[in-house]
Amino acid sequence: MAEVEESNKPLFAGLSDISISEDIPVEGDISVPVGSQNTDNDFSTLDEPVKDTILRDLRAVGQKFVHVMYPKKSSALLRDWDLWGPLLLCVTLALMLQGGSADSEEDGRPQFAEVFVIIWFGSVIITLNSKLLGGTISFFQSLCVLGYCILPLTVAMIVCRIVLLGGASIVSFAVRLIVVTASFSWSTFASTAFLADSQPANRKALVVYPVFLFYFVIGWMILTFSPSQ
Amino acid sequence: MSAPQGSTNTNTEPWGSFDDNIIQGSGSAVIDMENMDDTSGSSFEDMGEMHQRMKEEEEVTEEAAATEEDNGEYGDFLGMKGLKGQLGRQVADEVWQAGKRQASKAFNLYANIDILRPYFDVEPNQVRHRLVESLIPVRMINFPQKVAGELYGPMMLVFTMVAILLHGMKTSGTVIREGTLMGTAIGTCFGYWLGVSSFIYFLAYLCNAQITMLQMLSLLGYGLFGHCVVLFITYNVHFHSLFYILWLVIGGLSTLRMVAVLISRTVGQTPRLILCGTLAALHMLFLLYLHFAYHKMVEGILDTLEGPNIPPIQRVARDVPVVANVVVNATIKSIAAIVQSQ
């Protein structure tokens, strides 16, 4: 090391002069942190049979269905949100509600695309509204909750279809009205149990109203559905 | 490592600025690109050499000139290994980073819903108060009336009107051939709210009225509350006279309120007349249109039901509204008969 000339040199000038003497051991162990097991886990779902993947997803969806039917204060719906359930419900509802061609006598029934668009754009608008009012849940969590809470209305649709098999009369209308009203209020109650928690206390009504309107429109579409003769 | 020769102290900064001797010293930390053995084609000198080499190759093999030229031209541009070269990779990386930065800047600017957040800052009792207020015309028109600039109430009212319109269209069995029921309802309501607001704002600009676009949107939005009430009642109870009374009373009140607010913010007789006349006409006519456009069908049913021979279900899309309407109309007719007989 150049000790003699160090004091005469300006700052940093001696950097290039440094050489490592041999009595300082420079040795060690470079080991890669064990990430191989994690990567194995990440890729292992690719190797499993398709049946396992589908069953796992279906089980998750089914679990969320249970949470909707018995709305307790659990965060399962919010924590691992997924959009498979809403898609399934939306497609089922739209298929059951769709009408014939525009030239038939039974006009004015919603088409498949109409129901689809109502559900998804309605959910987006409600989510935006709740975020603008100061909500704390994320966009997709809210979409997930609103989509899953359509389940009671889908059940009501199936019941209405079955009731209509027995013909259209005042009794069937009364039964359908009761069923649809019950399921629509269940939907609204279930979704507010999840959504309203994320709002400040005095603004819950502001968030609940659009949700009420949304499920009311869907409930109305179900109630006014009549099959073609 | 030898000490640098002939070094001059060019320290001008307190932290010891970059020294020339470091750059000029041999065996320094700076890599000399000319002596690189790496043939990745990253330096310009290497690229020049390769270009030269390939030109010579082309001159030698002239029979396969077509394919080799194509490949060669592509390879010439970025060096022998083309896009796999270090220069190509760096360029691609920088382009990607710049693009990502631009995109996230644009996204944060335009898709930021926080821009709208202040307009949704309301309490439920405020909304309720404003809804009721929208039917009460103000008395004082001599100084500008306060208009709340919020968008929650108007938006909810527009959606409520969409729902009511949908109900009305279904009960009247409206046939929409080139479109959907929902699309028509949304288009009508939002089109009215946004279009008429913009038009009146434009007129207000011409007539020198002191009102902003947000305030106009808010005012017209709350003015739709009267429409919602009237439509909700008259889509279920079909009496022409009832509709006309409600049209004049409730529609008139909500129009008067909007007109009074606008008058209080405009100076001069003619501008006031133009602005308020236009708004009043549009508002009242819209209610009239909404009622009659989706109402004719049910009118026809009522008339036919008066006669002894009730034709089979005709011009009605579903059984629900017929039953409901018949029940309601029968009840009201009986009540009217009882009232008249007393």
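Keep in mind it's a predicted model, so treat the numbers as computed, not measured.

Another point: the environment of A:Asp57. Relative to the elements of secondary structure, A:Asp57 occurs in helix α2 (residues 50-69). Put simply, A:Asp57 and A:Trp84 are 27 residues apart on the chain and 8.4 Å apart in space, counted from C-alpha to C-alpha.

A word on the UniProt feature "transmembrane region" (unreviewed entry) in chain A. All names here are of chain A. Per the UniProt annotation, the sites labelled "transmembrane region" (unreviewed entry) are residues 81-100, 112-133, 145-164, 170-195 and 207-226. Taken end to end, residues 170-195 is 100% helix and 0% strand, and its first and last C-alpha atoms sit 37 Å apart. The annotated region residues 207-226 carries 85% helix and 0% strand content, and the separation between its end C-alpha atoms amounts to 32 Å.

This part covers the confidence of the model for chain B. Residue and element names in this part refer to chain B. Counting all residues, the mean pLDDT for chain B is 75, and 62% of those residues have values of 70 or more. Taken as a whole, residues 1-8 scores under 50 in pLDDT and shows 6 contacts with residues more than four places along the chain or in a different chain. Per-residue pLDDT stays below 50 along residues 310-319; that stretch engages in 19 contacts with residues further than four places along the chain or on separate chains. Scored by ipTM, the complex comes to 0.71, with pTM at 0.64.

Scanning the model with the defined rule gives 6 salt bridges over all chains in all. Here A:Arg56 and A:Glu48 are joined by a salt bridge, their closest N and O atoms 3.1 Å apart. Exposure remark for A:Arg56: the relative accessible area of 38% places this residue in the partly exposed category. In this structure, the salt-bridge partner of A:Asp82 is A:Lys64, at a minimum N-O distance of 2.5 Å. Taken together, the residues A:Asp82 in the loop between α3 (76-79) and α4 (84-97) and A:Lys64 in helix α2 connect sequence positions 18 residues apart. The same class applies to A:Asp82 and to A:Lys64, which are both buried. Residues participating in the shared-partner salt-bridge network are A:Arg203, B:Asp121 and B:Glu123.

Attention shifts here to the packing of aromatic side chains. Scanning the model with the defined rule gives 16 aromatic pairs over all chains in all. Taken together, the ring pairs connect A:Phe184, A:Tyr209, A:Phe212 and A:Phe216 into an aromatic cluster.

Conventions and cut-offs
- Residues numbered from 1 in each chain as written.
- Chains lettered and ligands numbered in written order.
- Predicted model: local features only at pLDDT ≥ 70, side-chain atom pairs only at ≥ 80, totals over all residues.
- Heavy atoms only, no water.
- Helix = DSSP H or I, 4+ residues; strand = E, 2+ residues; numbered from the N terminus.
- UniProt positions renumbered as here; feature names shortened; annotations may be inferred.
- pLDDT = per-residue confidence, 0-100.
- Contact = heavy atoms within 4.5 Å.
- Salt bridge = Lys/Arg side-chain N within 4 Å of Asp/Glu carboxyl O.
- Buried < 20%, exposed > 50% of the residue type's maximum accessible area, 1.4 Å probe, protein only.
- Phe/Tyr/Trp six-rings, centres within 6.5 Å; stacked < 30°, edge-to-face > 60°.

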